[in-house]
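Report on the structure
For reference, the chains in residue letters:
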Amino acid sequence: MSNKKYVNLDANESIFFARELEAVKAKSYDVQYAELKARKLIPVSFEAGAGAETIKYEQYDQVGMAKIIANYAHDLPRADVKGKEFISVVRSLGDSFGYNVQEVRAAKMAGKPLEQRRANAAKRAILQLENSIAFSGDAAHNLGGLLNAANITEVTIPNDGTGASKLWSTKTPDQILRDMNLVANTPSELTKMVEAPDTMLLPVAKFNFISSTRLSTASDTTILKYFLANNPYIKAVEPLNELAAFYAGDDGIFVYKRDPDKLTLEIPQDFEQFPEQEQGLEFVVPCHSRCGGVIVYYPLSIAYGKGI
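We now turn to the structure provided with this report. Values in this document were obtained by computation on a predicted structure and should not be read as measured data. (Residues numbered from 1 in each chain as written. Predicted model: local features only at pLDDT ≥ 70, side-chain atom pairs only at ≥ 80, totals over all residues. Heavy atoms only, no water.)

Turning to the overall build of the chain, a few remarks are in order. Secondary structure assignment for the chain yields eight helices and 14 strands. Among the 308 residues that make up the chain, the fraction classed as buried is 44%. Counting only contacts in the chain whose residues sit at least 6 apart along the sequence, the fraction spanning at least 24 positions is 75%. Summing over all exposed atoms, the chain offers an accessible surface of approximately 17200 Å²; the carbon and sulfur share of this is 52%. (Helix = DSSP H or I, 4+ residues; strand = E, 2+ residues; numbered from the N terminus. Buried < 20%, exposed > 50% of the residue type's maximum accessible area, 1.4 Å probe, protein only. Contact = heavy atoms within 4.5 Å. Areas by Shrake-Rupley, 256 points an atom, 1.4 Å probe, with all protein chains shown as cover.)

Structure representation (structure tokens):
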């Protein structure tokens, strides 16, 4: 015979608790954290579905060429397609929050709602982990990130600043514009205009610098404004905290096309909360999501340079 004892709330307390958890869930889903930018900057795909353990995609290439032939030729060159299959894993993310029985009864007696901040913290913790995976990946769990995607192109930043430095603080506005254009134009030049990035990411300090630095003392136009007006590809320049941290202080420029045909952040299961579970004198609410990291379908659509 089991000796386990259960916490028994009276009928009014049970109804109050159930209603409060429903309210907590609704509020928690509505909370937004603007500083976690993965879902804003990377196209999100929910396509795989909650039951997916892996995500498979295929890539095909055309092979063969034509030639000039005689009227009765039989040796016609053969054209064909060849394909590759890629598989990406999916991992679960989880945490929980809870209330003890006394907190439930005290809230009921006072006529006050249960503390919302615990639910917010649980959701934020999962979104923070998702955000970290989205940008930096997780090598231990074989999840890819945007900034360390395989086979993307590194561009060498010229070291022609003061003292042979790459740092923008040692360069003129013209040299900074040259660096920005060099990275932004590389995918197009490297792929013979097949790829063209539309978004540039910069560390916050570098973004603020080009946003507030004029081309010259005789101009009201900032470096950023001039770049956006004149580069043929880049439509948006975004500041990103994770960029400086990823390059360990060796600030970088990162360009890519913000297009789900080029890359996706895989979220087979979005954030969810499960029914409360009684554990001793506490009611615990498990939280869960599923993440497949970032899949980059066309690595040559991305380029970066570091040392600025």
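Let us look at the pattern of salt bridges. In a structure, side chains of opposite charge can pair up when their charged atoms sit close to one another. Under the counting rule described, the total for this entry stands at 13 salt bridges. Between Lys37 and Glu238 there is a salt bridge, with the nearest N and O atoms lying 3.8 Å from each other. A residue pair is termed long-range when its members are at least 10 positions apart, and Lys37 in the loop between helix H1 (11–30) and helix H2 (38–41) and Glu238 in strand S7 (residues 236–239) qualify at 201 residues. Exposure class is identical for Lys37 and Glu238. Each is buried. Between Glu195 and Lys262 there is a salt bridge, with its nearest N and O atoms 2.9 Å apart. Linking Glu195 in the loop between helix H5 (173–190) and strand S6 (199–202) with Lys262 in the loop between strand S8 (252–256) and strand S9 (263–266), this pair joins segments that are 67 residues apart in sequence. When salt bridges with common partners are traced through the structure, they connect Lys37, Lys40, Glu238 and Arg258 into a single cluster. (Salt bridge = Lys/Arg side-chain N within 4 Å of Asp/Glu carboxyl O.)

Every buried residue belonging to helix H6 (residues 204–212) is among Lys206, Phe207 and Ile210, and all of these are buried. The buried residues of H6 occupy an angular sector of 100° when projected down its axis, which confines them to one face. Structural note: H6 exposes Ala205 and Ser212 on the side pointing more than 90 degrees away from its buried face. Buried residues along H6 sit against H5, S6, helix H7 (223–230) and S7. (Arc of directions from axis to C-beta.)

Residues Leu146 and Phe254 are the most contacted members of the largest nonpolar core, which totals 43 residues. Setting aside chain neighbours within four positions, we find Leu146 in contact with Ile42, Ala134, Phe135, Ile152, Leu201, Phe254, Tyr256, Leu263, Val294 and Ile302. If you look at the next biggest cluster of nonpolar residues, it comprises 21 residues, including Trp168, Leu177, Val255 and Ala303. (Core = buried A, V, L, I, M, F, W, Y, C linked by side-chain atoms within 4.5 Å.)

To continue, consider the sheet that holds S9. Read from one edge of the open sheet, three strands run S1-S9-S13, paired in mixed fashion. Every other strand in the sheet has two partners, leaving strand S1 (44–45) and strand S13 (294–296) as the edge strands with one partner each. Pairing between S1 and S9: two bridges, direction parallel. Among the inter-strand pairings, Ser45 is bridged to a residue of S9, identified as Glu266. (Pairing = 2+ DSSP bridges.)

The next thing to look at is the packing of aromatic side chains. Tallying each qualifying case throughout the model produces two aromatic pairs. Where Phe97 meets Tyr99, the ring centres are 5.9 Å apart and the plane angle is 90°; that geometry is what we call edge-to-face. Considered together, Phe97 and Tyr99 belong to a single accessibility category, that of buried residues. Ring geometry for Phe254 and Tyr256: centres 6.1 Å apart, planes at 55°, overall tilted. In terms of burial, Phe254 and Tyr256 fall into one category: buried. (Phe/Tyr/Trp six-rings, centres within 6.5 Å; stacked < 30°, edge-to-face > 60°.)

The set of residues buried in H7 consists of Ile223, Leu224 and Phe227. Projected onto a plane normal to the axis of H7, the buried residues spread over an arc of 95° and lie on a single side. Exposed side chains of H7 directed beyond 90 degrees from the buried face belong to Lys225 and Ala229. Close packing links the buried residues of H7 with H5, S6, H6 and S7.

Moving on, we come to the environment of Phe86. Within the secondary structure layout, Phe86 lies in strand S3 (residues 80–89). Given the relative accessible area of 29%, Phe86 is considered partly exposed. It is 5.6 Å that separates the C-alpha atoms of Phe86 and Lys56, two residues lying 30 residues apart in sequence.

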